[in-house]
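Summary of structural features
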Amino acid sequence: MISEPMTLATDYALGAVSAVLGWRLYRDSREDRARRCWALAFGALAVSALLGGTHHGFATVMSNALYHLSWKVTVLAIGLFNFGMMAGSVLATARGRVRTGLLAFAGAQVALYTAWMLTHDEYRYVVLDSAIAMLALLLMHGWSAAVRRDQASFWVLAAIAVSALAALVQYCRVALHEHFNHNDLYHVNQIAGVVLFYRGGKLLRDRAGPNGT
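These notes cover the structure that comes with them. Residue indices begin from 1 for each chain and proceed along its sequence in written order. Owing to the predicted nature of the model, reporting of local features is limited to residues with pLDDT of at least 70; listing and counting of side-chain atom pairs is limited to 80 or more, with chain, interface and lining totals taken over all residues. Side-chain metrics rest on all non-hydrogen atoms present in the structure, leaving aside hydrogens and water.

**Some remarks on the overall build of the chain**
Defined as follows: Strands here are runs of E lasting at least two residues and helices are runs of H or I lasting at least four, both read from the DSSP assignment and numbered beginning at the N terminus. It is over C-alpha atoms that the radius of gyration is taken, and the globule rule equals 2.2 Å times the number of residues to the power 0.38. Working definition: with a 1.4 Å probe on protein chains only, accessible area under 20% of the residue-type maximum means buried, over 50% means exposed, and in between means partly exposed. Using the Shrake-Rupley algorithm and a 1.4 Å probe, accessible areas are obtained, with residue cover drawn only from the displayed protein chains. When charges are tallied, Lys and Arg are placed among the positive residues and Asp and Glu among the negative ones, while His and the ends of the chain are skipped. To locate a charge, take atom NZ for lysine, CZ for arginine, CG for aspartate or CD for glutamate.
When its secondary structure is counted, the chain shows seven helices and zero strands. Secondary structure elements of the chain, listed N to C terminal, follow the sequence α-α-α-α-α-α-α. Against the compact-globule benchmark of 17 Å for 213 residues, the chain has a radius of gyration of 17 Å, which places it among compact chains. Burial analysis of the chain (213 residues in total) assigns 46% to the buried set. Counting only carbon and sulfur atoms, one obtains 67% of the accessible surface of the chain, whose full area is about 10800 Å². Of the side chains in the chain, 18 bear a positive and 12 a negative charge, and the two mean positions are spaced by 14 Å.

**Looking at the pattern of salt bridges**
Going by this rule: We define a salt bridge as a side-chain nitrogen of Lys or Arg found within 4 Å of a carboxyl oxygen belonging to Asp or Glu.
Throughout the structure, instances matching the rule amount to four salt bridges. The closest approach of N and O atoms between Arg33 and Asp206, which form a salt bridge, is 3.5 Å. Here Arg33, found in helix H2 (residues 33-57), pairs with Asp206, found in the segment after helix H7 (182-201); they are 173 residues apart in sequence, far enough to count as distant. Judged by its relative accessible area of 18%, Asp206 falls in the buried class. Between Asp121 and Lys72 there is a salt bridge whose closest N-O contact spans 2.7 Å. Of the two residues, Asp121 is situated in the loop between helix H4 (96-117) and helix H5 (123-147) and Lys72 in helix H3 (residues 64-93); the sequence distance between them amounts to 49 residues.

**Overview of the side chain of Asp150**
What counts is decided by this rule: Identification of polar contacts relies on pairs of N or O atoms within 3.5 Å, with a donor-acceptor requirement for protein atoms, meaning one able to donate a hydrogen and the other able to accept it, and with residues adjacent in sequence counted only if both atoms are side-chain atoms.
Within the secondary structure, Asp150 is located in the loop between H5 and helix H6 (151-171). Despite its burial, Asp150 pairs with no opposite charge; the closest candidate is Arg148, at 4.6 Å N-O. A distance of 2.7 Å separates the side chain of Asp150 from the side chain of Ser144, its partner in a polar contact.

**Thoughts on the side chain of His187**
Residue position: His187 is located in helix H7. For His187, a relative accessible area of 6% puts it in the buried group. A polar contact is formed between the side chain of His187 and the side chain of Asp11, at a distance of 3.3 Å.

**Points about the packing of H2 against H7**
Cut-off, in case you're wondering: Between N-to-C directions, angles span 0 to 180 degrees; the directions come from axes that are lines fitted to C-alpha atoms, helices contributing only their stretch in contact. Geometric relationships in this document are graded by angle, where less than 35 degrees denotes roughly parallel, more than 145 denotes roughly antiparallel, 65 to 115 denotes roughly perpendicular, and other angles denote oblique. The hand of a helix crossing depends on one turn: near helix anticlockwise from the far one by less than a right angle means left-handed, and clockwise means right-handed. Every residue pair with non-hydrogen atoms within 4.5 Å of one another is taken to be in contact. By the convention adopted, Pro, Cys, Tyr, Trp, Phe, Met, Ile, Leu, Val and Ala count as nonpolar, Lys, Arg, Asp and Glu as charged, and the other residues, Gly among them, as polar.
Contact pair H2 / H7: the axes reach a minimum separation of 11 Å and the direction vectors enclose 165 degrees. One way to sum up the angle between H2 and H7 is to call them roughly antiparallel. Crossing hand, H2 versus H7: left-handed. Contact with H2, carried on its side by Arg35, Trp38, Phe42 and Leu45, involves Val194, Phe197, Tyr198, Gly200 and Gly201 of H7 and no other residues of that element. The residue makeup of the contact of H2 with H7, split by class, is six nonpolar, two polar and one charged.

**Observations regarding the environment of Ile2**
In this structure, Ile2 sits in the segment before helix H1 (5-28). Between the C-alpha atom of Ile2 and that of Thr54, which follows or precedes it by 52 residues, the distance is 9.2 Å. Not counting residues within four places of it along the chain, the set of residues in contact with Ile2 comprises Leu8, Gly57 and Phe58.

So, in C-alpha cells, the structure goes:
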C-alpha cells in the first residue's frame, strides 16, 4: 500500500517535529506577535509535511480527487509557512514605516502565491516563493545580527544555511541509498533547520520603538 515508505516516514517526522515546536512557540509567546507568527508558520509546515508524506506514501490507493487535493493543500500550506516566518521576522527586526512596508510586501506575496497556486501545481513556484522568503529573512536577520547583535538572528542565520543545504541536496538529487533518496535526505536536513529556527524563535521579541511596536 505504501509507495514511498521512507519519504512518508521522514515527512511525518518533519511534521511531528514542526507541530511540537510550533505549539511550544505559541504556548510561550504570551503577547509577543513575532513568536505567534512563527508558531503559525511551524503549524503550517506541520500540515504541509504530514499531507506531503501522505501524498507520496499512499498515492497508489488514493482517489484521483484526494490525490490532487492533498498536493494542493500541501503547497498552499508552504506559502502560509513562508508568510508566517516573514511576518514574524519583520515584527522582530523592523519598526515604523519600514515595518509597515515589509508587512505589506509579505501579505501581497502570500496573496499572489495563493491565487497562483490555486490553478497551478508545479513545484518550481513553491521553490520561488520559498527562495524569496528565505532571502528576506537573510537580509532582515543579517542586518539585525550585524547592527543589534541579537542572539535570535544568529540562530536564524544558521537555520537559513541548513535550509539552503537542504535545498541543494534536493536540487542535486543527492541520495544515500536506493531506499533513502534525495527527498528523504532533504526532509532530514529540514528537521535540523526547523530545530535551529525554533532556537531562534524562542528568542524573538517584537521590536519596540518610534511609532509603536
